[in-house]
Amino acid sequence: MNKTIKLLFLEDKISDVKLTELEFKKAKMDYIAKRVETEDDFKAAITNFQPDLILADYNLPSYDGIDAMKFLVEEYPEIPIIIVTGSLDEETAVETMKRGAWDYVLKDHLLRVVPAIKNAMRLKAEKAKKLVAENKSHEREKKYRLVVKNSLLGIYITQKHIIKFCNNTFANIFGYEDYTELVNKHVQILIAPESWDLVNENVKIREAGKEELTHYVFKGKKKDGTIIDIETLGSRIIFSGEPAIQGSLRDITKQRIAETALK
């Protein structure tokens with residue numbers, strides 16, 4: 001702990017606070033401390049003092065560690081709380097940890113208080129780092145989903161010939177209103193009979209991992225039975241622990257008609 005740590009004591013005995021602070025001084029810990037003993041003062045200190053960590057007595061006349069833990073779990077789960085108490089049997093200690101305490105220290109064994117604080121602050125830093133990483137991952141996922149949703153290409157994931165995912169563009173290409181009409185349906189409903197063997201063979205090749213990327217054209221079938229020309233590009237992925245195909249496709253019927261007319 002290189003920076004000055006702000007500690008909030010929830011304690012009614014000033015003498016107990018002073019004893020604890022002796023351990024801080026022995027360890028040459030750089031800290032600022034504040035003591036409160038009522039609910040109003042505790043909640044005000046959370047907002048105004050903004051402690052890095054809380055040391056709370058398990059039993060107090062009005063507002064104790066149990067109440068504080070409940071409040072922190074609901075409102076400020078990122079703030080570590082360590083219970084410092086005169087006595088705590090093993091069963092109560094386990095229950096205390098389940099309720100939200102990050103650690104507990106007995107008042108007759110205050111040698112543990114500095115190591116407990118250091119460990120709690122380390123865990124706090126790790127949790128904060130993990131949260132930042134999760135938020136970044138979530139933002140990337142949101143951006144990816146937005147790109148997929150608004151893509152002019154039909155995006156899909158199929159597994160064992162079943163459509164596991166597709167965007168609305170994919171559904172619209174085949175004459176469906178949205179993706180919900182196609183998810184969990186067999187891909188054969190979208191393929192003209194004369195192209196089924198071609199598609200089936202390519203799917204087998206990709207799911208077997210024999211080719212990283214496959215590009216080909218096949219005859220598709222719309223919801224109303226209209227036959228269209230489809231160009232697709234796909235590759236093998238692992239989806240829910242099993243091989244699957246992820247790819248994109250587009251309707252090139254007009255392009256094909258134009259090419260035929262030019263010829």
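Scope of this entry: the structure provided in the associated data block. The shown structure was predicted, so the numbers you read here are calculated from the model rather than taken from an experiment.

Brief notes about the packing of aromatic side chains
Each aromatic ring pair is specified by the distance between its two centres and by the angle formed by the two planes.
Stage number 1. Taken as a whole and assessed by the stated rule, the structure comprises eight aromatic pairs.
Stage number 2. Relative to Tyr31, the ring of Phe24 lies with its centre 4.9 Å away and its plane at 70°, an arrangement referred to as edge-to-face. For the pair Phe24 and Tyr31, one class covers both residues: buried.
Stage number 3. Here Phe71 and Tyr76 contribute two aromatic rings whose centre-to-centre distance is 5.8 Å and whose plane-to-plane angle is 55°, an arrangement assigned as tilted.
Stage number 4. Phe71 gets classed as buried once you look at its relative accessible area, which sits at 16%.
Stage number 5. Ring pairing ties together the aromatic residues Phe42, Tyr63, Phe71 and Tyr76, which thus form one cluster.
Stage number 6. Just above the ring of Phe49 sits the side chain of Lys6; from NZ or CZ to the centre is 5.1 Å.
Stage number 7. One Lys or Arg, Lys127, reaches over the ring of Trp102 and ends 4.1 Å from the middle of that ring.

Focus: unusual backbone geometry
Stage number 1. Phi is positive for Lys28, close to 55°, though the residue is something other than glycine.
Stage number 2. Relative to the helices and strands, Lys28 is located in the loop between α1 (14-26) and β2 (31-36).
Stage number 3. Positioned with a positive phi, Lys160 is a non-glycine residue whose angle comes to about 50°.
Stage number 4. Take Lys160: it is sitting in the loop between β6 (154-159) and β7 (162-166).

Some details on the pairing of strand β10 (residues 242-251)
Stage number 1. Sheet topology note: the β6/β10 ladder contains five bridges and is antiparallel. Each residue of the ladder has a partner; that of Ile157, found in β10, is Gln246.
Stage number 2. Relative to β10, strand β9 (residues 227-239) is paired through 10 bridges, and the arrangement is antiparallel. Residue Ser235 lies in a different strand from β10, and its bridge partner there is Gln246.
Stage number 3. Between β9 and β10, which pair antiparallel and follow one another directly, the connecting turn spans two residues, one of which, Ser240, has a positive phi of 55°.

Quick look at the sheet that holds strand β4 (residues 81-85)
Two strands in a sheet stick together by hydrogen bonds in their backbones, pointing the same way (parallel) or opposite ways (antiparallel).
Stage number 1. In space, the five strands of this open sheet follow the order β2-β1-β3-β4-β5, with parallel pairing throughout. The outermost strands of the open sheet, each flanked by one partner alone, are β2 and β5 (103-106). On average, each strand axis in the sheet is inclined to that of its neighbour by 20°, with strand direction left out of account.

Description of the pairing of β7
Along any regular strand the residues' side chains alternate between the sheet's two faces.
Stage number 1. By the bridge criterion, four bridges tie β6 to β7 in an arrangement that is antiparallel. Each bridged residue has a counterpart across the sheet, and for Gln159 the counterpart in β7 is Ile162.
Stage number 2. The hairpin turn running from β6 into β7, its antiparallel successor, is two residues long, and Lys160 in that turn takes a positive phi close to 50°.

Considerations on the environment of Ser15
Stage number 1. Structurally, the position occupied by Ser15 is in helix α1.
Stage number 2. Take Ser15: its relative accessible area is 45%, and that puts it in the partly exposed class.
Stage number 3. Measuring from C-alpha to C-alpha, the distance between Ser15 and Gly220 comes to 82 Å, with 205 residues separating the pair along the chain.

Points about the sheet that holds strand β8 (residues 213-221)
Stage number 1. If you trace the five strands from one edge of the open sheet to the other, you get β7-β6-β10-β9-β8, paired in antiparallel fashion. Edge strands, defined here as strands with exactly one partner in the open sheet, are β7 and β8. The sheet shows a mean angle of 35° between the axes of neighbouring strands, taken without regard to direction.
Stage number 2. Packing of helix α7 (residues 196-207) onto the sheet brings it into contact with β6, β8, β9 and β10, and relative to β8 it is tilted by some 150°.
Stage number 3. Helix-sheet contacts for helix α8 (residues 253-262) involve β8, β9 and β10, and the interaxial angle to β9 is about 130°.

Definitions and cut-offs
Residues numbered from 1 in each chain as written. Predicted model: local features only at pLDDT ≥ 70, side-chain atom pairs only at ≥ 80, totals over all residues. Heavy atoms only, no water. Phe/Tyr/Trp six-rings, centres within 6.5 Å; stacked < 30°, edge-to-face > 60°. Buried < 20%, exposed > 50% of the residue type's maximum accessible area, 1.4 Å probe, protein only. Lys NZ or Arg CZ within 6 Å of the ring centre and 35° of its normal. Helix = DSSP H or I, 4+ residues; strand = E, 2+ residues; numbered from the N terminus. Pairing = 2+ DSSP bridges. Axes fitted to C-alpha atoms, helices over the stretch in contact; angles between N-to-C directions. Contact = heavy atoms within 4.5 Å.

No statement about biological role is implied by the geometric values presented.
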